[in-house]
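# Per-entry structural report
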Amino acid sequence: MKILAIETSCDETSAAVIENGSKILSNVVASQVEFHKKYGGIVPEVASRKHIEVIAAVVKQALDDAKLPIKKIDAVAATYGPGLVGSLIVGLNYAKAIAFALKKPFIAVNHIEGHIYANFLTPLLRSTPLHKMERGDPTPSRGGVRFPFICLVVSGGHTQLILVKDHGKYESLGRTRDDAAGEAFDKVARFLGIGYPGGPIIDEMARKGDPKAIDFPRAMIDEGYDFSFSGLKTAIVNYVNRQTIRQTQPIDASRIPDIVASFQQAVVDILVEKTIRAAKDNKTHWIALAGGVSANSMLRADLEARAVKEGLKISIPPISLCTDNAAMVGSAGYYLIKKGKKSSLDIEAVSTLRI
Ligand code: KG4
Ligand code: ZN
């Protein structure tokens, strides 16, 4: 079964063709990051307008790359939430129109569920240890995650620990009570004036810093499965303000690598600790990573090292499948259809959709 999938929940316009839930025939991602950079964050109106401008070309490119005439697709999938409502509407309506015109089944996919399914794509074994790989390397997945598993979903909008029992069967164990992990990266980078989006910039800059330089707080690390990152962000603001007051001048740029490395280590310690504990408490042998923040090199290396130490198996998608993309939506859509599910063309975008 070949599914055409569309994802426009945030600032990436993406279309993909996925065969039988796991084989990527094409995966086109048009990022709007350059348009939002100057504002230091996503401007929702700009995002929806940009989606409208490129959606047709992105879908055409995905079909061309897959060498598949549009009539040959078997079903259409699209993200219907959570996300920015104006952005979601563009991809959802475009997908519904294709399904209607071609009289093909349509399946609406939860974006978080999509992120989880990045772990079902390209089940290839990788030979190079993760910690030896550079950011941007096309690291294939560790190969075929098995049920039940704990999935850590960490993105710009979500931080959630989910017990995945089977296809489509989820139990949410905990989520963030305030900022998402990616949001914390973006806010800290904005505060330090080092650019947008913060995640990849901090990841890069932290390589030059000492992650033990400053002992930032690790909120709720031993407490339940919920997360809280807003206190950590405030701790950084306070730390920097104390330094600048003492020096009565802007913070020395040479101090920034230590600050971001220490911040990143605090976030990673919290994420790793809770994920491992969730796996042990729920007696799963597998853990999986998902969402934009799982592109983080320290998180990938530390979580893999801890998993190996604890005798757990781990699935880490390649970086290109961690950030928003339609391939993961196509995989989730396939397994939903296989379970007999189908969405009505009346379905609407739900910006606050949950798992
Ligand atoms: O999943 P995603 O592409 O979009 C949402 O669904 O939110 O995640 C985007 C988030 C941003 O906050 C970005 O800063 C973060 O993922 N991110 C990273 C890295 N690459 C992207 N965070 C930490 N380290 C990275 N290397
Ligand atoms: Zn996402």
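Values in this document were obtained by computation on a predicted structure and should not be read as measured data.

Calculation rules
Residues numbered from 1 in each chain as written. Chains lettered and ligands numbered in written order. Predicted model: local features only at pLDDT ≥ 70, side-chain atom pairs only at ≥ 80, totals over all residues. Heavy atoms only, no water. Helix = DSSP H or I, 4+ residues; strand = E, 2+ residues; numbered from the N terminus. Rg over C-alpha atoms; globule rule 2.2 N^0.38 Å. Buried < 20%, exposed > 50% of the residue type's maximum accessible area, 1.4 Å probe, protein only. Contact = heavy atoms within 4.5 Å. Areas by Shrake-Rupley, 256 points an atom, 1.4 Å probe, with all protein chains shown as cover. Lys, Arg positive; Asp, Glu negative; His and termini not counted. Charge placed at Lys NZ, Arg CZ, Asp CG, Glu CD. Near = heavy atom within 4 Å. Polar contact = N/O pair within 3.5 Å; in protein donor to acceptor, adjacent residues only side chain to side chain. Nonpolar A, V, L, I, M, F, W, Y, C, P; charged D, E, K, R; others polar. Salt bridge = Lys/Arg side-chain N within 4 Å of Asp/Glu carboxyl O. Donors = N, O, S within 2.8 Å, 3.2 Å for Na, K, Ca; no water. Phe/Tyr/Trp six-rings, centres within 6.5 Å; stacked < 30°, edge-to-face > 60°. Lys NZ or Arg CZ within 6 Å of the ring centre and 35° of its normal. Domains from an automatic or database assignment. Buried area = accessible area lost by both parts, 1.4 Å probe.

### Some details on the overall build of the chain
The helix and strand inventory of the chain stands at eleven helices and ten strands. In summary, the chain has a C-alpha radius of gyration of 20 Å against a globular reference of 20 Å for 355 residues, a match within 12%. Dimensions of the chain along its principal axes, counting C-alpha atoms only, are 65 × 45 × 35 Å. For the chain, with 355 residues in total, the buried portion stands at 54%. Of the contacts formed within the chain by residues at least 6 apart in sequence, a portion of 74% connects residues at least 24 apart. Of the roughly 15,100 Å² of accessible surface on the chain, a fraction of 53% belongs to carbon and sulfur atoms. One finds the centroid of the 45 positive side-chain charges in the chain at a distance of 5 Å from the centroid of its 37 negative side-chain charges.

### Re the site of ligand 1
In the vicinity of ligand 1, 20 residues are found, and the nearest of them are Gly 156, Asp 186, Asp 203, Gly 292 and Asn 296. One of the backbone N or O atoms of Gly 157 is found 3.3 Å from an oxygen atom in ligand 1. Starting from 550 Å² of accessible surface for ligand 1 in isolation, the protein chains cover 91%. Sorting the residues of the shell around ligand 1 by element identifies α4 (111-117), α5 (181-192) and α6 (198-206) as the ones contributing at least two each. Across the shell around ligand 1, the residue classes break down as five nonpolar, eleven polar and four charged.

### A few points about the pattern of salt bridges
One pass over the structure, following the stated rule, counts 14 salt bridges. Between Arg 177 and Asp 226 there is a salt bridge whose closest N-O contact spans 3.0 Å. Placement of Arg 177 in the loop between β8 (169-175) and α5 and of Asp 226 in the loop between α6 and α7 (230-247) is noted, with a sequence separation of 49 residues between them. In this structure, Lys 233 and Asp 179 form a salt bridge, with 2.9 Å as the shortest nitrogen-oxygen distance. Placement of Lys 233 in helix α7 and of Asp 179 in the loop between β8 and α5 is noted, with a sequence separation of 54 residues between them.

### Observations regarding the coordination of the zinc ion (ligand 2)
At this site the zinc ion (ligand 2) is bound by His 111 (NE2), His 115 (NE2) and Asp 324 (OD), with donor distances of 2.0 to 2.1 Å. Counting gaps between the donor residues of the zinc ion (ligand 2) yields the pattern H-x3-H-x208-D. Of this pair, His 115 sits in helix α4 while Asp 324 sits in the loop between α10 (319-322) and α11 (327-338), and the two are 209 residues apart along the sequence. Comparing His 115 with Asp 324, the two get one shared label, buried.

### Some thoughts on the packing of aromatic side chains
Within the structure shown, the criterion is met by ten aromatic pairs. Taking the centre distance of 5.8 Å and the plane angle of 55 degrees together, the rings of Phe 120 and Tyr 335 count as tilted. On the criterion of sequence distance, the pair formed by Phe 120 in the loop between α4 and β6 (149-154) and Tyr 335 in helix α11 is long-range, its members being 215 residues apart. Exposure remark for Phe 120: the relative accessible area of 11% places this residue in the buried category. Across from the ring centre of Phe 35, 4.0 Å away, lies the NZ or CZ of Lys 50, which sits over that ring.

### Things to note about the domain arrangement of the chain
As assigned here, the chain comprises domain 1 (2-119 + 321-338) and domain 2 (125-316). Taken together, the contact pairs 18 residues of domain 1 with 26 residues of domain 2. For the pair domain 1 and domain 2, the two sides together bury roughly 1,700 Å², of which 65% comes from carbon and sulfur. For domain 1, the biggest contributors to the area lost against domain 2 are Ile 116, Asn 119 and Cys 322; these three give 39% of the whole. Counting the contacts that link domain 1 with domain 2 gives zero salt bridges. For the side of domain 1 that touches domain 2, the elements supplying multiple residues, two or more each, are α1 (33-37) and α4. In terms of residue class, the side of domain 1 that touches domain 2 is made up of nine nonpolar, six polar and three charged.

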